[in-house]
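The residues making up each chain are set out below.
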Amino acid sequence: MQRKFSFVVLIFVLAAAFRVGQLYADEGVQSSPPQSTAIAQSAAKQAPPKLPVELIVQALKVKAEKALEEKRKKEAWKINVDADVIEKYETNPSLTTTSKGDWATVEDASLTIKKHVFGPFTGEYYYSTNNTHYNEFRDNNSYSNVTKGTLITELPFDLESKSSYEFEYLHYPFARDSNVYSQRWKEQLTWRPNNVFSHRMWWQYQWQRYRFRDQRIRAAGLNVRQDFRREDTRQEAGFEETVRKWGWTAKMSHEFYRNWSNDHALGEPFDKWFYKMKYTLSRNITKKLSAEASYAYDRTIFLEKNVTGKNEDQIDNANEFSGQLTYKLSKRWKIKSKFKYKGKGSNADSLEYENYTFQSGLYFSY
């Protein structure tokens, strides 16, 4: 009887243990899986590698978003306003052998409006006004208005073309015979193959008409006035090379023009050939301070002006040196100080001169 009771108790204990094990299994308490099973489950949780097609689609999506952003930038209006007030002193403002200095004040203001039109075309409008007045050399006082329209076209192979028309009225309040209207048509082509080199070339045609000056002709060795206004035409061509490297910017330019005039007064230097070359080097010294230095040489051959006492046309050669410092006061304001020297030599000794200019001004840009 006792053995039978012990056997029943043992069966009961085993059944109870089996039931408790089932309960623990239902609650998620499991024994550690084999190592191979754990590795398989960990690999299953990782994202599958992207296929090449998915990478291409993602790259195209990023490119399309960038193109859309660039298009939005192009279509936006861009408006810039610039103004400055400059004080300068010139040792020889009349540019004659008789050197006498004078102070002058220059006031400039300009407005530029740029807007993408459609496709590769962008339109630009520019207007500027300038007022220059001397303390003593009143005949050099001038006032000008310039308005200019430009069509900018983006071309293949990193090329950009600009076609522009410009109209200027230059007014001399104390020398009315010098008042002139000018019109200019300019074609310009720029190639920027990379961030280091830039190449630019241009051609320009200019026509100008003097408001109060009648043309004069030669008649029996005398200057005879005709009832027609003096008119000049000019054709110009030039090119410029720019290199940007190691924080430096170097520019080299050459320009040529031929000037024709209907004013053929004896001894007046209106018909002429002109050539000029210029070299410029600039660099940012600090975040706020930058410097620029330049040298220019020009040669003018007058076709109808004989040198007194010589049977030859007058030929002038001029050298010009300049240096400039620019200091940024803020995002909108800066100060510029400039020094310039120009000396002209000529086969007509009486027309040689030297001129020094010192100027400093406050510039605003928005």
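Every value quoted in this text rests on a predicted model; they were computed, and no experiment measured them. (Residues numbered from 1 in each chain as written. Predicted model: local features only at pLDDT ≥ 70, side-chain atom pairs only at ≥ 80, totals over all residues. Heavy atoms only, no water.)

## Digging into the overall build of the protein chain
Counted only if it meets this: The helix and strand labels rest on DSSP assignments: H or I over at least four residues marks a helix, E over at least two residues marks a strand, and numbering proceeds from the N terminus. Remark: exposure states derive from per-residue accessible area (1.4 Å probe, protein chains only) relative to the maximum for the residue type, with buried under 20%, exposed over 50%, and partly exposed in between. Contacts are assigned to residue pairs with any non-hydrogen atoms lying within 4.5 Å of each other. Where accessible areas are quoted, they stem from the Shrake-Rupley method and a 1.4 Å probe; at the residue level, only the protein chains shown are allowed to cover.
Along its length, the protein chain carries 3 helices and 14 strands. Across the 366 residues that make up the protein chain, the buried fraction comes to 28%. At a minimum sequence separation of 6, the contacts of the protein chain that also span at least 24 residues come to 51%. Surface summary for the protein chain: the accessible area is close to 24400 Å², and the carbon and sulfur share equals 59%.

## Some points on a nonpolar patch on the surface
Formally: Patch definition: residues with relative accessible area over 30% and no salt bridge; like charges joined within 9 Å; nonpolar side chains (Val, Leu, Ile, Met, Phe, Trp, Tyr) joined within 5 Å. Salt bridge, as used here: a side-chain nitrogen of Lys or Arg that lies within 4 Å of a carboxyl oxygen of Asp or Glu.
A contiguous nonpolar surface patch, about 420 Å² in accessible area, is contributed by Leu155, Leu189, Met201, Phe239 and Phe256. Here phenylalanine 256 shows up in strand 9 (residues 248–261). Taking relative accessible area as the criterion, phenylalanine 256 reaches 39% and is therefore assigned partly exposed.

## What to know about the confidence of the model for the protein chain
Note the threshold: pLDDT: the predictor's confidence for each residue, scored from 0 to 100.
Summary statistics for the protein chain give a mean pLDDT of 85 and a share of 82% for residues scoring 70 or more. Note that pLDDT drops below 50 for residues 27–33; the model gives that stretch 1 contact with residues more than four away or on any other chain.

## Focus on unusual backbone geometry
Of note, the phi angle at leucine 95 is positive, near 55°, even though the residue is not glycine. Examined against the element boundaries, leucine 95 turns out to sit in the loop between strand 1 (78–90) and strand 2 (102–118). Phi angles above zero are rare outside glycine, and aspartate 158 is one such case at about 60°. As for its placement among the helices and strands, aspartate 158 is situated in the loop between strand 4 (142–155) and strand 5 (159–171).

## Observations regarding the environment of methionine 277
In this fold, methionine 277 is placed in strand 10 (residues 272–284). Sequence spacing of methionine 277 and phenylalanine 256 is 21 residues, and the spatial spacing of their C-alpha atoms is 9.0 Å.

## Observations concerning the pairing of strand 1
Just so we agree on the cut-off: In short, DSSP must find at least two bridges between two strands for them to pair.
Here 13 bridges tie strand 1 to strand 2, and the two strands are oriented antiparallel to one another. Pairing of tyrosine 89 across the sheet is with tryptophan 103, part of strand 2. The pairing of strand 1 with strand 14 (residues 353–365) spans 9 bridges and is antiparallel. Each bridged residue has a counterpart across the sheet, and for glutamate 87 the counterpart in strand 14 is serine 360.

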